[in-house]
Amino acid sequence: MLIHTYLLRRIFLAIPTIFGISLIVFVIANALPADPVSSFLPNSALENQTIVEEFRRKWGLDRPLHEQYLSWLGNVIQGDFGTSLRSKRPVSQDISSFLPATIELSTYAIMISLTCGVTLGVISAVWRGMPVDYLARILALIGVSFPVFVLALLGKRLFAVELEWLPSGRRLDLLLRAPPGITGFFTIDSLLAGNWRVLQNAISHLALPSVVLAVFSMGFITRLTRSAMLESLGQDYMRTARSKGLRERIVIIRHGLRNALIPVVTIIGLSYSSLLAGAVLTESIFSWPGIGRYAFLSASSQDFPGTMGVTMLIALIYVGVNFLVDILYFFVDPRIRAA
Amino acid sequence: MSTSSISSLTRASAPPSAGRARVDWRAVRHQLKQNPLLLVGLVVLIFFLLIGIFAESLAPHEPRGGEAQNMAKLRQPPDAENPFGTDQLGRDILSRLLYGTRLTIPSGFLVILFGSAIGSAVGAIAGYLGGSWDELLMRVTELFMAFPTIILAMAVAAALGPSTRNAIIALTIAWWPFYARMMRGLVLSVKPNEFVEATRSIGASRPYILFRTITPNAIAPIIVMMTLDIGNAILVFAGLSFLGLGPDPTIPEWGQMVASSIDYFAKWWMWFYPGMSIALLVMALNFIGDGVRDITDPRLRKM
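Keep in mind that what you see is a predicted model, and the values were worked out from it rather than measured. (Residues numbered from 1 in each chain as written. Chains lettered and ligands numbered in written order. Predicted model: local features only at pLDDT ≥ 70, side-chain atom pairs only at ≥ 80, totals over all residues. Heavy atoms only, no water.)

**Some thoughts on the overall build of chain A**
We count it as follows: Every helix listed is a DSSP run of H or I at least four residues long, and every strand listed is a run of E at least two residues long, numbered separately from the N terminus. Three labels apply to residues, based on accessible area from a 1.4 Å probe with only protein chains included: buried if under 20% of the type maximum, exposed if over 50%, partly exposed otherwise in between. Pairs of residues are marked as contacts when any of their non-hydrogen atoms sit within 4.5 Å.
When you go through chain A residue by residue, the secondary structure sums to 16 helices and zero strands. If one aligns the C-alpha atoms of chain A with their principal axes, the spans along those axes are about 85 × 55 × 40 Å. The buried share of chain A, taken over its 339 residues, is 48%. A separation of at least 24 residues holds for 72% of the contacts in chain A among residues at least 6 apart in sequence.

**Description of the environment of Ile150(B)**
Its place among the elements puts Ile150(B) in helix 6 (residues 149-160). A relative accessible area of 8% means that Ile150(B) is categorised as buried. On a C-alpha basis, the gap between Ile150(B) and Met182(B) in space is 20 Å, while along the polypeptide they are 32 residues apart. Discounting chain neighbours no more than four positions away, the residues touching Ile150(B) are Ala277(A), Leu281(A), Val236(B), Gly239(B) and Leu240(B).

**Details of the domain arrangement of chain A**
Residues and elements named next belong to chain A. As a reminder of what qualifies: An automatic or database domain assignment provides the domain bounds reported here. Buried area counts how much accessible surface, traced with a 1.4 Å probe, disappears from two parts once they are put together, with both parts' losses summed.
According to the domain assignment, chain A consists of domain 1 (3-77) and domain 2 (97-337). Computed from C-alpha atoms alone, the centre-to-centre distance between domain 1 and domain 2 is 32 Å. Between domain 1 and domain 2, the contact holds 18 residues from the first and 16 residues from the second. Here domain 1 meets domain 2 over a buried area of about 1400 Å², counting both sides, of which 88% is carbon and sulfur.

**Here we look at empty space enclosed by the protein**
Residue and element names in this part refer to chain B. Cut-off, in case you're wondering: Cavities and pockets are defined on a 1 Å grid built over the protein atoms alone: a cavity is a set of grid points where a 1.4 Å probe fits but cannot escape, while a pocket is an open set with protein on both sides within 12 Å along at least five of seven lines, and lining residues are those with an atom within 4 Å of any such point. Grid points are joined across faces, edges and corners, and a volume is the space filled by probe spheres set on the points. Residue type decides the class: Asp, Glu, Lys and Arg count as charged, Ala, Val, Leu, Ile, Met, Phe, Trp, Tyr, Cys and Pro as nonpolar, and the leftover types, Gly among them, as polar.
By the definition in use, this model includes one cavity of 30 Å³ or more. If you go around the largest cavity, the residues you meet are Asp87, Gln88, Arg91, Ile93, Arg96, Pro249, Gln256, Met257, Ser260, Ser261 and Met270. At the level of elements, helix 4 (93-129) and helix 10 (254-261) are the ones that each hand at least two residues to the lining of the largest cavity. In terms of residues, the lining of the largest cavity owes the most to one element, helix 10, which gives four residues. Looking at the lining of the largest cavity residue by residue, the classes come out as four nonpolar, four polar and three charged.

Shown next as structure tokens:
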């Protein structure tokens, strides 16, 4: 199969998913609350009957649900998610100003968790039953068991307060100005601007939150890589590779790991979504100005439009990441190309 | 996963779908010796369960309500009277932790119970009916899986309003799809067996075939998945509660205790003890889940 055909097919498959996601978010936002008015309007306005009536008419809450859905969908397609009750600004404006920080954080986190997780998994499988295997397995188990917000608090206490190695929050020191926004990634923007001080500072601010965020997915990537590797190491092609007289390292990496990578690639999408979920729980601890913190503040202050906007966005990001994973699949799994 | 996986812990004499199997305690003891982490997990879980049961007699102070508050001792570090310190209202953290067990553990179990029941039913029907029903039900299932669990639960809980009951409903809505997908696969693998054909040939109704013949033979891996999942459910429940979408703040609950302390970060005892309790409990449950999986999955045992 050519990559064009493959991509087109994937895009067509994603369209109904996106509509379905919008339908679910709509149902949650409009059909679940006993009274949507009370979740959108502040309590002070609820006592005034005229305001409530006006609100119903303005937002079309007096119309049937399917009509409401279509007009809501029309707004969402145009990027209109309503107005946040907390910040009093359009949710879309809020989100677009906070999104780059989260994407930068989670991109570094996924790179850390993939590198460490795959390495640990391979080591653990190759030296199965040895002390190093037990150590890796227990580490992975701790990783998937620790609540990410507790890990964030512990990490902040240890590395930022006790040892003072790393800053405790924000993307940059207060005195530094953000690099000119090209990508929204402070590390890349400062590199493009040639500003080394900002780059160094941005990295030191990223280190703690991205590692904390990476721990959970590192745990489950380690566990998955280990079992995929064990399965792969027991296959006949490993014996063939060894009998050809290849060096052990090449046998393990090129024949063992190469075949174990397919299930690992499959869960990159899932890992990324768990990182976004983790961001919701950790960003506020590190005062990280991303959509995770925005979601936390919206949810904990009952800002309904804000919460729904972030929910929809995170689901869309997840679909997008899975689309990228599908492209990656095309290169990792030769069977797709042959089909 | 093997469909007859529970059999290694039970005497494997039972014919398919025969009701109760007896537990072979000698095999259980052998497994515990083989798998020290499973033993550690069980001991820790029993410890937490006992704490929950005897919270009233164990707790040194009142955990909630006006009596619990002590305005003279706000946010005090651990001392002899309050071994784990006090919180922002002067309440004893240890007592609140002990009572918190009563909420956290049952909530996790309920989420798994409801989620697996709904998911298994949907998956079983999809797998058994096949065709366009299968297609439709599985498409819907996949849509729910496009949301990270806690994000979907967060949205639903925000819509329903924060409370323990709503948090459990929200988590169930986010949880069932995983069971639906697994159960569908299991039903598909059991369906072509001859004993199913035999039941059909004696004129059994379709619900009878599905729920009395196929399901009992497909349920074992679901039970293994449930034990693997309880830790995760507790983790996400604590997360939801951390977001302020769980129990009422007056009710002692671990995630909520951590959340209310992040404004007082320097007072480490306020978040450390509840946070570590969640971690310890979830770790124990994961040790148990892993142990059960190792025992029941013959492919893993070989390795």
